[in-house]
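The primary structure of each chain is shown beneath.
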Amino acid sequence: TSTGSTTRPFDRDGKWSSTTRERLDDAREKLIKKQNAEKIQRAKAFLDKTLKRFQAAIHRLNELADRLASRIAKFHAAGVNTSQAEALLVTVQAKTAHASSTVTNNAVNTKHGLTTKTARSTDQRSTIAGITNAFKEAEDKLKEAKKALSNATNSLKPGRNATSTHATSTKDHENDDN
């Protein structure tokens, strides 16, 4: 048996020996660094997944807006009043563009913030809170764009838009009776 203090976890007073304390402190620091790295990886994975989800939603809305634009052109050529649908289409495009820029800019800033602020959990929390708010804002804009797209589509349906330019007069109907 060895009586040296390096093999004993406690000294004679019942406290941790200095070498044991140093080993425990080193192990604690390594564990904290490992946990922080795992948190950052999870946050990045969440950010990537959410970013892909928003980009897919933006892409779907843009495709629908393109299809609606072609329908508006078709109805306009047929003489239907499409002014309300055109105005709503502009709204859809503006809100979709705003959501896209918000998501992209904040995602880049957050990825940078997560990589540079690895040690302090308060910085990580504030960075994640910032991106959460940005995603919420983008989500609201996408909901508004979807609602405007729906309203634009509905405005093109028969009976929901103003009368067409091919209105008939009552004199034409009177001549049909004779």
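These figures come from a predicted structure and were not determined experimentally.

K.L.:
Could you clarify how one ought to interpret the overall build of the protein in this entry?
P.N.:
Helix and strand content of the protein: four helices and zero strands. From first element to last, N terminus to C terminus, the protein shows the α and β order α-α-α-α. Counting across all 178 residues of the protein, residues that qualify as buried make up 24%. Nonlocal contacts in the protein, meaning residues at least 24 apart in sequence, comprise 72% of its contacts between residues at least 6 apart.

K.L.:
Explain helix α1 (residues 18-77) to me, please; I cannot follow it from the model alone.
P.N.:
Side chains of residues three or four places apart in an α-helix project in the same direction, reflecting 3.6 residues per turn. For α1, which comprises 60 residues, the first-to-last C-alpha distance of 88 Å matches the rise-based estimate of 88 Å (1.5 Å per residue) to within 8%. Positive phi appears at G79, one or two residues downstream of α1, with a value of about 95°.

K.L.:
How should I be thinking about the nonpolar core in this particular structure?
P.N.:
In summary, soluble globular proteins display a tendency toward joint burial of nonpolar side chains. Of all hydrophobic cores here, the largest spans 26 residues; its most connected members are F54, L68, I72, V103, F135 and L142. Those elements that provide at least two residues to this core are α1, α2 (83-116) and α3 (121-155). Excluding anything up to four places from it in sequence, F135 contacts L47, T50, L51, F54 and V103.

K.L.:
Teacher, can you tell me more about the pattern of salt bridges here?
P.N.:
Side chains that differ in charge, positive against negative, can pair when their charged atoms come close. Taken as a whole and judged by the stated rule, the model has four salt bridges. Ionic pairing is found between D25 and R28, a salt bridge with its closest N-O pair at 2.9 Å. Here D25 and its partner R28 are both found in helix α1, three residues apart, which amounts to about one turn of the helix. Residue class for R28 comes out partly exposed when judged on its relative accessible area of 47%.

K.L.:
Got a minute to help me understand the packing of aromatic side chains in this structure?
P.N.:
To describe a pair of aromatic rings, you give the distance between the ring centres and the angle between the ring planes. Taken as a whole and judged by the stated rule, the model has one aromatic pair. Between the aromatic rings of F54 and F135, the centroid separation amounts to 5.0 Å while the plane-to-plane angle is 10°, which identifies the pairing as stacked. Placement of F54 in helix α1 and of F135 in helix α3 is noted, with a sequence separation of 81 residues between them. Taking NZ or CZ as reference, R53 lies 5.1 Å from the ring centre of F54, over its face.

The rules behind these values
- Residues numbered from 1 in each chain as written.
- Predicted model: local features only at pLDDT ≥ 70, side-chain atom pairs only at ≥ 80, totals over all residues.
- Heavy atoms only, no water.
- Helix = DSSP H or I, 4+ residues; strand = E, 2+ residues; numbered from the N terminus.
- Buried < 20%, exposed > 50% of the residue type's maximum accessible area, 1.4 Å probe, protein only.
- Contact = heavy atoms within 4.5 Å.
- Expected span 1.5 Å × (residues − 1).
- Core = buried A, V, L, I, M, F, W, Y, C linked by side-chain atoms within 4.5 Å.
- Salt bridge = Lys/Arg side-chain N within 4 Å of Asp/Glu carboxyl O.
- Phe/Tyr/Trp six-rings, centres within 6.5 Å; stacked < 30°, edge-to-face > 60°.
- Lys NZ or Arg CZ within 6 Å of the ring centre and 35° of its normal.

Just distances and angles here, no functional claims.
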